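Structural features, examined
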Amino acid sequence: MHSKRLQLFNYNRSGVDSASSFVNSERCAAIGVPSLLAFVLFVVSVPKFDITAVVAYSAFPLFAAILLNISYVTLFKRLLILSPFILIMAAANPLLDRQPFITVGAVTFSAGIISGIVIVVKSVVAIGAVIIFSYCVHFTSFCKVLRTIRVPEVFVTQLLLLYRYSFLLVDEAQAMQRARSMRSFRKNGTGIVTTAKLIGSLLLRTASHADHIYRAMVARGFSGEFDRRNKISFKLTDWCAIVSIVSVFVLIRIIF
Amino acid sequence: MHMADALLSPVVGGAFWVVSGALIGYSAKKIAQENDSSRTPLMGVLGAFIFAAQMINFAIPGTGSSGHIGGGLLLSILLGPYRAFITLASVLVIQCLFFADGGIMALGCNIFNLAFFPAFIVYPFLYKRIAGQAVSSVRLGVASILSAEIGLLFGASMVIAETVFSGITELPFKTFVLFMLPIHAAIGIVEGLITYGVVSFVASTEPLMLQGASKVKLNKVVVITFAVAAIITGGFISHFASSHPDGLEWSMANVTGTEEFVSSVSGKVHALSSAIQEKIAFLPDYSFKSPNNAAVESEQTALAGTTISGIVGCLIALLLVSGIGFVVRGKVRRVREGA
């Protein structure tokens, strides 16, 4: 059985090719990181009854998804995996806030229904934007941007190592899980005690990997810091792009 | 439990971004001072280990459902507060950006809820004191279960506080508490049990692994200051800001020094857009009936910037944007195939 995390991991692993050949990852990261932050900030700041503004903002991820030819089915499945909590919270609004808000023909919509819809659309738009960002920007480029904006070296190194080794260890964990299910019937062997030992031995393997990696890094001249040149310089065109993108967001926010 | 963007106001999200950012900076500085590069790859790989371990499911006793380890307490036990905090924060950043699990605006909240408490509060103040240096399995068990429980309850309470301060959901405080805390109390026991299982396995096979973390000295004054600062910023600022209808306008007004700036600009743009709208609108006379109650009506006319024609207009714009997307995509494909 696939866990939620494994599904998300596999989507990410298979999806990157579609867009990364389409765009220049480093430029996309330089423009994308500030734009994504601004976008999410604007989407989040939309007042709770303002459907038009959130719908207007949804144009951006929709446009990008179409342009980059991202599979809608995959996008939809990812949204579904991620949103049960949000759906519960949104579903509570119509029950709790029953004040009539607008009447269209014979149907009256309560304020709770409107604010519930806004929550759902907001989350779809914000999550959609992040998913599309992850399709366009390679992780290394993202880390280079973080170094450029002076995020501490320790943290960026940590992100790079974590990302790199997650593929290796996830494969190992999957192999262990498969071995366990092949040796047992039904739910035998999935108890806490057995699983803790399984995770414990994965941990020991991890520690031994860490040791090998450290020796390999030291052999290649590692002294606690990755390459200092590992940065992206922001060009004038990047700034122009960022400013124009953010102004469009501001404009939409003012108009709607 | 990951917070989502859609339930958060920009002020609360921003406040926790600042606090979590400062904590990352502080921890990074402390780690740089330790000058022990041999633990750098260990942190990276242990972060990846948490990812991997979360994919191994186990059956939760008595429920028939399955769960996975959270890993906050386990990392703190293995790495000590500063390194565990950085590692947990990095796991959350990757979950947020590359799996879209937990929003970007909510990232600061998530780091605070899920990394700060296990690394800086529960591990040094509770786990270390109960478990001590002994490998006695009773003390280890009590320490693990209690610490995991308290850590998760702290985290869940912060989720409640952040959501209530944001005021996006209508769920009343009491219902929310009754909904969140019992679930997290149950999850906490399971998390404690599995952490205990892993730690006692490691203690019996590779006891040296557990000793590195306990040597790290924590600056408790700084940690408590951070905790208090976070709660004050999150609570007070959002309370103050919530009297303004819109957090962004409020902050824009702060930047420009005047509230009229926003309203005058927005007024002009509104006038212009309504003039354009009148000319091109295909549903000019379409309006909706408001409820008969006059007081409610006036309040809601003010609230409702939404009109049916606005929404329909937006949907048409979306269709147009999609159309342009398809055209551009087709063009790019043709150019590529030609090349």
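Everything numeric in this text was worked out from a predicted model, so none of it was measured.

Scoring rules and cut-offs
Residues numbered from 1 in each chain as written. Chains lettered and ligands numbered in written order. Predicted model: local features only at pLDDT ≥ 70, side-chain atom pairs only at ≥ 80, totals over all residues. Heavy atoms only, no water. pLDDT = per-residue confidence, 0-100. Helix = DSSP H or I, 4+ residues; strand = E, 2+ residues; numbered from the N terminus. Contact = heavy atoms within 4.5 Å. Salt bridge = Lys/Arg side-chain N within 4 Å of Asp/Glu carboxyl O. Buried < 20%, exposed > 50% of the residue type's maximum accessible area, 1.4 Å probe, protein only. Core = buried A, V, L, I, M, F, W, Y, C linked by side-chain atoms within 4.5 Å. Buried area = accessible area lost by both parts, 1.4 Å probe. Polar contact = N/O pair within 3.5 Å; in protein donor to acceptor, adjacent residues only side chain to side chain. Nonpolar A, V, L, I, M, F, W, Y, C, P; charged D, E, K, R; others polar. Pairing = 2+ DSSP bridges. Axes fitted to C-alpha atoms, helices over the stretch in contact; angles between N-to-C directions. Parallel < 35°, antiparallel > 145°, perpendicular 65-115°, else oblique. Left-handed = near helix turned anticlockwise from the far one by under 90°. Patch = residues over 30% accessible without salt bridge, like charges linked within 9 Å, V, L, I, M, F, W, Y side chains within 5 Å. Areas by Shrake-Rupley, 256 points an atom, 1.4 Å probe, with all protein chains shown as cover. Expected span 1.5 Å × (residues − 1).

**Some points on the confidence of the model for chain B**
Residue and element names in this part refer to chain B. Within chain B, residue pLDDT values average 77, and 74% of them lie at 70 or more. The element-level mean pLDDT for chain B is lowest in helix H10 (residues 247-256), coming to 45, with helix H3 (residues 72-79) highest at 92. Segment residues 280-292 is flagged for pLDDT under 50; beyond a separation of four residues in sequence, or across chains, it makes 22 contacts in the model. A low-confidence stretch, residues 302-306 (pLDDT under 50), is modelled with eleven contacts involving residues beyond four sequence positions or located in other chains. Model confidence for the complex is summarised by a pTM of 0.80, with the ipTM given as 0.85.

**Quick look at the pattern of salt bridges**
All names here are of chain A. Scanning the entire structure with this criterion turns up six salt bridges over all chains. A salt bridge links Glu172 to Arg205, with the shortest nitrogen-to-oxygen separation between them at 3.5 Å. Of this pair, Glu172 sits in helix H9 (residues 153-182) while Arg205 is found in helix H10 (residues 192-219), placing the two residues 33 residues apart along the sequence. Note on Glu172: relative accessible area 16%, which makes it buried.

**Observations concerning the nonpolar core**
In terms of nonpolar packing, the biggest core is built from 175 residues, with Tyr57 and Phe142 of chain A together with Phe49, Phe85, Phe112 and Phe116 of chain B touching the most fellow members. A total of 14 residues in this core trace back to one element, the largest contributor, which is helix H5 (residues 107-131) of chain B. Apart from residues no more than four positions distant in its own chain, Phe49 of chain B is found in contact with Leu169, Ile199, Leu202, Leu203 and Thr206 of chain A together with Leu74 of chain B.

**Remarks on helix H8 (residues 139-148) of chain A**
The element H8 of chain A is largely enclosed, with a buried count of eight among its ten residues. Where H8 of chain A is concerned, the buried positions are Phe139, Ser141, Phe142, Cys143, Lys144, Val145, Leu146 and Arg147 of chain A. Those residues of H8 of chain A hidden inside the fold are in contact with helix H2 (25-44), helix H7 (111-136) and H9 of chain A together with helix H4 (81-98) of chain B.

**As for the interface of chain A and chain B**
The interface of chain A with chain B comprises 105 residues on the first partner and 110 residues on the second. Taken together, both faces of the contact between chain A and chain B bury some 9,500 Å²; the carbon and sulfur share is 77%. Where chain A touches chain B, the interface holds zero salt bridges. Across the contact surface, chain A and chain B share seven residue pairs in polar contact (both at pLDDT 80 or more). When its residues are assigned to classes, the side of chain A that touches chain B shows 68 nonpolar, 26 polar and eleven charged.

**Focus on the environment of Asn57 of chain B**
Residue and element names in this part refer to chain B. Secondary-structure assignment places Asn57 in the loop between helix H2 (39-53) and strand E1 (58-59). Under the relative-accessibility criterion, Asn57 is labelled buried at 10%. As for Asn57 and Lys217, which are separated by 160 residues in sequence, their C-alpha atoms are 34 Å apart.

**Quick word on the pairing of strand E1 (residues 100-104) of chain A**
Residues and elements named next belong to chain A. With four of its five residues buried, E1 lies for the most part within the structure. The pairing of E1 with strand E2 (residues 107-110) spans four bridges and is antiparallel. Among the inter-strand pairings, Ile102 is bridged to a residue of E2, identified as Phe109.

**Some thoughts on the packing of H9 of chain A against H10 of chain A**
Residue and element names in this part refer to chain A. Their axes nearest at 11 Å, the elements H9 and H10 cross at an angle of 150°. Relative to H10, the element H9 is oriented roughly antiparallel. The handedness of the crossing between H9 and H10 comes out as right-handed. Two secondary-structure elements touch here, H9 through Tyr165, Leu168, Leu169, Glu172, Ala173, Met176 and Arg180 and H10 through Thr195, Leu198, Ser201, Leu202, Arg205, Thr206, His209 and Ile213. Class assignment for the residues of the contact of H9 with H10 results in eight nonpolar, four polar and three charged.

**As for the side chain of Thr157 of chain A**
Residues and elements named next belong to chain A. With respect to the helices and strands, Thr157 occurs in helix H9. Owing to a relative accessible area of 2%, Thr157 belongs among the buried residues under this scheme. Reaching out from Thr157, the side chain makes a polar contact with the backbone oxygen of Glu153 at a distance of 2.9 Å.

**Details of a nonpolar patch on the surface**
Nonpolar side chains collect at one region of the surface, where Val138, Val142, Leu146, Ile150 and Phe154 of chain B lie side by side and expose about 410 Å² of accessible area between them. Mapped onto the elements, Val138 of chain B comes out in helix H6 (residues 137-166).

**Focus on H4 of chain B**
Here H4 of chain B is 18 residues long and its end C-alpha atoms lie 25 Å apart, about the 26 Å a rise of 1.5 Å per residue gives. In the stretch just after H4 of chain B, Ala100 of chain B is the one whose phi turns positive, near 55°.

**Concerning the packing of H9 of chain A against H4 of chain B**
Relative to each other, H9 of chain A and H4 of chain B sit at 60°, their axes nearing to 9 Å. In terms of orientation, H9 of chain A lies oblique with respect to H4 of chain B. For the crossing formed where H9 of chain A meets H4 of chain B, the hand is right-handed. Residues Val154, Phe155, Gln158, Leu159, Leu162 and Tyr163 of chain A of H9 of chain A pack against Ile86, Thr87, Ala89, Ser90, Val91, Val93 and Ile94 of chain B of H4 of chain B.

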